[in-house]
Amino acid sequence: MKHQVITKLIASFITVVILVGAVTYISSNSVKRVSAKADQLIKVEIPQLNQITNTQNLMAATANHLLQYYATFDRANHINNVPNFARLQHNIQNISAIHQDHEVSRKLEQSLQVFIDRANRLDAEMQLEEDRDWDVLRTHLYAAQAQSNLILGQLDITKKQIAERVKQGSVSTQYEVHQLNYLQLGFSVVVLVTALFILFNLHSRIKDKAELYKRAYYNGLSGLPNRKYFEEHIHQILSHQQSPDLAMMMINLDRFSLITSSIGYFFGDRLVHSVSQWLIATLRQHASSFDIYHFSGTSWLVMFKHAQTEATLAQLAEQLNLISSVTLTIDDREMTCSCSIGIVQQHALTQEREALLRCLDTALREAQQAGGNCYRFYQPSMSAVAKHWIETEQALRSAIEKHQFQLYYQPKVNTQTRLIQSSEALLRWSKEGVFISPAVFIPIAEKSNLILNIGRWVLTEACSQWARWRAEGLPAMPIAVNISAQQFQEVDFPRQVQATLQRFGMPANMLELEITEEAAAHDPKRVVQIMEDLKSIGVTLAIDDFGTGYSSLSHLSNFPVDVLKIDRAFIQHMHHSSTDASIVRLVVQLAKGLNFKVVAEGVETETQYQQLKLWDCNLIQGFLFSQPLPAPQFASLVMEERQRQHVNQVA
Ligand code: C2E
Ligand code: MG
Ligand code: MG
């Protein structure tokens, strides 16, 4: 772009230089010609015309004197007139020189000579006084007058010839002057066009610069100043004020990756734009003297320039959290979203920009971990938690490459036969010999989107383990794999599942996918679509941790799922809480009515088992039968069970 502009500028500069050269050359030649013609006119032709006119006057005057002499006999007057003869001769010689035509010059000189001759003979006759012959006098006078007329006529012709030359000269000069004018006009147009071109280019360069500035310092989606702008601004504030009266809020859209994976990035952008506008409007309505920055894709930073009380900030945060109750309409699509807010107050502010942002981030994370759609004020004690979170996230990034993950398998037992019917693959992370619970790292992996990679690894590993077990002679037994919401909402998830099954030659009915109730509750329409895609492959679908989310059984009946797993919290409290017991009983009955198979999680005691058996719960999963086991131990457990069964049958 820059290169093109420079090339264009150079090309136009060269064009202008060539044009200026050509115009200068042509116009200087024209000017030379015009001035030579003007010179000729002033120095030669006008004096010639004057001389001819003078000569004509002199000729006429001299001829007149001769006539007077004849009439008055005043010889003294005639003597005075005689020098004019010489002057006439001199003039006629000069005029003759003008003519290229020698014949005309000769005739002029001859005529003058005859005139002078006749004038002299008339004078000689006049001097005879009484003896003068009047006829002779008249003859001389007439002859002189005739020559005078001849000369005057010829001079008239000469004058006309010179005038004609002058006229032609002036016509061609006029033509040249016109040409010069056109040339100058053309040149001016070219200069004007070039100047306009250069101006246009300069203007677009300036516009480009302004555009670059806008892109560097403003967010393209919301038009709000961005993080870079904020960093420069806060740097100025912190370096100029010792203890600035500031408070800050970091607002972040909850579960945005989940939203984009379900509605696509285009709608995601539109949603961010709408949220941005809503936030600005709400802030304007409830706060004064604030700056808002679009800090990153889904987070906004609000800076309050004056001290704010905790109560004011809390009230404002509550107003902003109300976004969860607003329905945003994007291209006829109605959407809701929520946001988490981290708040740093003046007393917690540090002079260091990075530390300040860390505090904000920590408070925000705290709000996100509390489930989102809420706000948290920064407390120094939060930093340790945040540090742990960040360290875990960093370690998780390289856990796959470092082979720190392993799958354990927990049996699911048939309630009636007490035989292992299937298993659930559960992820284990051993970080440098230290075991970390999935309850700790799965939420971190989900928040940081690392779950997508980890989830793919789990699916592949479980399917490949199934194939290895088959090769080792283990009976074909379904494996359940836990699927996170992000993973489930990934555009090509069903295709991923199908490809993995094909890769290991695993029949689709041998794979069960467990999706938590919470993940399924988000955007149910789309969830149904994905579930149907998965069902068409032939895999089994289960709703995990049922009872912890918000969905009702009737709501779940819209989902094409096969299994319902009752959350362990209900099972564990079954014997202490009659409410929990009746909930479990009701859920089992209703689920069976809706044709779901029911699995009870976290069964630890025989009493729990017996009760569930009585209620006709299909499968039991819990420490009563087995902890989750590494693959070889699980295989041994199954083999031992089969052998026992075989022995029993034989007996
Ligand atoms: P979950 O899918 O509900 O898995 C059952 C959890 O209950 C497992 O915890 C299991 O060890 C535990 N459990 C089973 N029986 C008993 C019992 O009798 N008593 C008690 N106290 N606990 C029992 P774990 O392995 O710690 O996993 C916790 C959660 O982490 C899982 O809950 C699941 O939501 C998640 N998770 C585990 N592996 C994966 C994975 O590969 N992908 C995803 N997305 N999530 C996973
Ligand atoms: Mg599970
Ligand atoms: Mg569960």
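**Things to note about the overall build of the chain**
Link 1 in the chain: For the chain, the helix and strand inventory stands at 22 helices and 17 strands.
Link 2 in the chain: Expected size for 651 residues packed as a compact globule is a radius of gyration near 26 Å; at 57 Å, the chain overshoots this value by more than 25%.
Link 3 in the chain: Across its three principal axes, the chain shows a C-alpha extent of roughly 200 × 60 × 45 Å.
Link 4 in the chain: When the 651 residues of the chain are sorted by exposure, 44% land in the buried category.
Link 5 in the chain: For the chain, the proportion of contacts with a sequence separation of at least 24, taken over those separated by at least 6, is 69%.
Link 6 in the chain: Within the structure as shown, the chain displays about 34400 Å² of accessible surface, and the carbon and sulfur contribution to it stands at 55%.

**Some details on the coordination of the magnesium ion (ligand 2)**
Geometry reference: four tetrahedral donors at a metal, ideal angle 109.5 degrees. Six octahedral donors, ideal angles 90 or 180 degrees.
Link 1 in the chain: The protein atoms that coordinate the magnesium ion (ligand 2) are Glu 424 (OE), Asn 482 (OD1), Glu 514 (OE) and Asp 544 (OD), at distances spanning 2.0 to 2.2 Å.
Link 2 in the chain: Counting the intervening residues between successive donors of the magnesium ion (ligand 2) yields the motif E-x57-N-x31-E-x29-D.
Link 3 in the chain: Under the relative-accessibility criterion, Glu 424 is labelled buried at 3%.
Link 4 in the chain: The exposure class of Asn 482 is partly exposed, given its relative accessible area of 27%.

**Structural notes on the domain arrangement of the chain**
Link 1 in the chain: The assigned domain composition of the chain is domain 1 (2–217), domain 2 (227–379) and domain 3 (407–429 + 456–650).
Link 2 in the chain: Centre-to-centre, using C-alpha coordinates, domain 1 lies 118 Å away from domain 3.

**With respect to the pairing of strand 13 (residues 540–546)**
Link 1 in the chain: Among the seven residues that make up strand 13, six are buried, leaving the element largely enclosed by the rest of the structure.
Link 2 in the chain: As judged from the five bridges shared by strand 12 (residues 511–516) and strand 13, these two strands associate in the parallel manner. Note that in strand 13 the partner of Glu 514 across the bridge is Ala 542.
Link 3 in the chain: Of the strand pairs in this sheet, strand 13 and strand 14 (residues 563–566) are connected by three bridges, and their pairing is parallel. Residue pairing for strand 14: Ala 542 is matched across the bridge by Val 563.

**Looking at the coordination of the magnesium ion (ligand 3)**
Link 1 in the chain: Taken together, Asp 544 (OD), Asp 545 (OD), Glu 601 (OE) and Glu 601 (OE) make up the protein donors of the magnesium ion (ligand 3), found 2.0 to 2.5 Å from the metal.
Link 2 in the chain: Sequence positions of the residues that donate to the magnesium ion (ligand 3) give the spacing D-D-x55-E.
Link 3 in the chain: Metal-to-metal, the separation of the magnesium ion (ligand 3) and the magnesium ion (ligand 2) is 4.0 Å; Asp 544 coordinates the two. Of this pair, Asp 545 sits in strand 13 while Glu 601 sits in the loop between strand 15 (597–600) and helix 21 (606–614), and the two are 56 residues apart along the sequence.
Link 4 in the chain: Classification of Asp 545 by relative accessible area gives partly exposed; the value is 23%.
Link 5 in the chain: Glu 601 gets classed as buried once you look at its relative accessible area, which sits at 10%.

**Observations concerning unusual backbone geometry**
Link 1 in the chain: The residue Asn 373 is not glycine, and still its phi comes out positive at about 55°.
Link 2 in the chain: Relative to the assigned elements, Asn 373 resides in the loop between helix 10 (353–369) and strand 7 (375–377).
Link 3 in the chain: Here Asn 373 falls in the partly exposed class, since its relative accessible area comes to 34%.

Reading the values: rules and limits
Residues numbered from 1 in each chain as written. Chains lettered and ligands numbered in written order. Predicted model: local features only at pLDDT ≥ 70, side-chain atom pairs only at ≥ 80, totals over all residues. Heavy atoms only, no water. Helix = DSSP H or I, 4+ residues; strand = E, 2+ residues; numbered from the N terminus. Rg over C-alpha atoms; globule rule 2.2 N^0.38 Å. Buried < 20%, exposed > 50% of the residue type's maximum accessible area, 1.4 Å probe, protein only. Contact = heavy atoms within 4.5 Å. Areas by Shrake-Rupley, 256 points an atom, 1.4 Å probe, with all protein chains shown as cover. Donors = N, O, S within 2.8 Å, 3.2 Å for Na, K, Ca; no water. Domains from an automatic or database assignment. Pairing = 2+ DSSP bridges.

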